[in-house]
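A look at the structure
The residues making up each chain are set out below.
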Amino acid sequence: MRRSLEQAERHAIPVKVLSSWYDIDDSESLDWLLAELRGDKPPGHVHEGRKRRRPARRSVLMRERSGVAAAMALVLLALALFNPYLHVPADPALSALRDPEQYGLIDKRDYAVTIYPPVAEVIFALITRISTTLPR
Amino acid sequence: MKLAMVLFEAVAVLAVFRLLRRLGKNPGGLVAYLLHPTPIWEIAGNGHVEAATLACLYGAFAVGGAERPFVAAIPMTLGALVKPTGALGLPALWRPYQAGLPLFVVAMAAALYLPFAAARTGIVGFLPRYLEEQGLMSGEGVFWLALLGKAGLRSQAMAPAFAALTVLALLALALWTRRRGATDLASGLRGSALLLVAFLFAITPTFP
């Protein structure tokens, strides 16, 4: 562990230290986590061939990286970075935030910035942030 | 989003429950509100953000209303910054001729707009074009003006005159509802209901 951290620091690789039991050191565990993050696999799923329940990797990971304060900070950061009164939905600056399914349903996306006041914008951003942490 | 709006609606219902108890009314009357098709259809079904405004509006009265005007003004202002219609509840917190409360509300709104100040006048967003598209600038989208138009009596000057008269009438109505500076809950709710109904009556759209 210590050597891994030293190596990471030497190569300027950002490190997130998870709980000690949170072990992803094989391809199977990594695939499991990625499937949970993608929403393909529900968190806390009972692993085949094992009696014990596997930890809810996705929800634990989300909890570790986004408590309420962190979620609020991310929302405010997102609003600061993407001032909704400056960008129309079709703005290329927002392309990374798009849900292709929802984007197709937005009318007036080429010319209409939001009509909602700031508290509504914060609510929308917060709901979106929370919904991305929930299993699908 | 719909689930969140239903949760806001739940907060509104709890606040109404508390208000009914404080008014000495039977909370069973809430059944009529809960079974009304509008919240079921428009909030649970369509996820309209008015649910948050209603939660703030009823919540403001539930935390004290005009008896604790500055405390109540916080959720009321937040509600108005979700949907501006919620601002029609603010006069119910005001006592003639208190200057501190309006200043507090304006300062709070300004602080909440501050993170978006880079947009300058753009912080009103799509509103001007929306008013135009909905025929509210020309008057074609307002039922009463459209009615005059059908009778061949509408002129171009009528839309701005109607808007100015509506604003003046609402201001006068707000002052009239607060003329005695009553701080009791019933007066506050009655005044707010009157203002909201008058506003919705005045800007009744031409939608079927």
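Residues numbered from 1 in each chain as written. Chains lettered and ligands numbered in written order. Predicted model: local features only at pLDDT ≥ 70, side-chain atom pairs only at ≥ 80, totals over all residues. Heavy atoms only, no water.

Observations concerning the packing of aromatic side chains
All names here are of chain B. Where we set the bar: Here is the rule: rings of Phe, Tyr and Trp (six-membered ring for Trp) pair when centre to centre is within 6.5 Å. Planes less than 30 degrees apart are stacked, more than 60 are edge-to-face, and the remainder are tilted. Secondary structure elements are defined from DSSP: runs of H or I of at least 4 residues count as helices, runs of E of at least 2 residues count as strands, and each element is numbered from the N terminus. Type-normalised accessible area, obtained with a 1.4 Å probe on protein chains alone, sets the label of each residue: buried when under 20%, exposed when over 50%, and partly exposed for intermediate values.
Taken as a whole and assessed by the stated rule, the structure comprises eight aromatic pairs over all chains. Judged by centre distance (4.8 Å) and plane angle (45 degrees), the rings of Trp 144 and Phe 201 are tilted. A residue pair is termed long-range when its members are at least 10 positions apart, and Trp 144 in helix α8 (residues 143–150) and Phe 201 in helix α10 (residues 185–202) qualify at 57 residues. When its relative accessible area of 52% is taken as the criterion, Phe 201 is described as exposed.

Examining unusual backbone geometry
With omega at -10 degrees, the peptide bond leading from Pro96(B) into Tyr97(B) counts as cis. Considering the arrangement of structural elements, one finds Tyr97(B) in the loop between α5 (69–80) and α6 (100–113). One non-glycine residue, Lys108(A), lies in positive phi territory at about 55 degrees. When you line up the elements, Lys108(A) lands in the loop between α5 (100–103) and α6 (118–133). Given a relative accessible area of 28%, Lys108(A) falls into the partly exposed group. Non-glycine residue Arg120(B) carries a positive phi angle of around 50 degrees.

A short note on the interface of chain A and chain B
This is how the line gets drawn: Note on definitions: a residue-residue contact is assigned when non-hydrogen atoms from the two residues lie within 4.5 Å. Reported buried area values correspond to the accessible surface (1.4 Å probe) lost by two parts on association, with both partners' losses combined. Counted as salt bridges are all cases of a side-chain nitrogen of Lys or Arg within 4 Å of a carboxyl oxygen of Asp or Glu.
Counting residues at the interface gives 19 residues for chain A, matched by 26 residues for chain B. Both faces combined, the contact of chain A with chain B buries some 1900 Å², and carbon together with sulfur accounts for 78% of it. When the area that chain A buries against chain B is broken down by residue, the three leading residues are Tyr85(A), Ile115(A) and Val119(A), summing to 27%. Our count for the chain A to chain B interface comes out at one salt bridge. For Lys108(A), the salt bridge is made with Glu133(B), and the minimal N-O distance between the two is 3.1 Å.

Topic: the confidence of the model for chain A
The predicted coordinates of low-pLDDT regions are not to be read in fine detail. The cut-off we apply is this: pLDDT is a residue-level measure of predictor confidence that goes from 0 to 100.
Per-residue confidence for chain A gives a mean pLDDT of 70, with 50% of residues at or over 70. Mean pLDDT across the elements of chain A ranges from a minimum in helix α3 (residues 57–65) of chain A, with 48, to a maximum in α6(A), with 86.

Observations regarding the pattern of salt bridges
Think of it this way: side chains of opposite charge can pair up when their charged atoms draw near. Applying the stated rule across the entire model yields three salt bridges over all chains. Between Glu50(B) and Lys83(B) there is a salt bridge, with its nearest N and O atoms 3.1 Å apart. Note that Glu50(B) is positioned in helix α4 (residues 50–62) and Lys83(B) in the loop between α5 and α6, a separation of 33 residues in sequence. Accessibility expressed as a relative area gives 30% for Glu50(B), which makes it partly exposed. Relative accessible area serves as the criterion here: at 22%, Lys83(B) is assigned to the partly exposed category. Each of Lys108(A), Arg129(B) and Glu133(B) takes part in one network of salt bridges that share partners.

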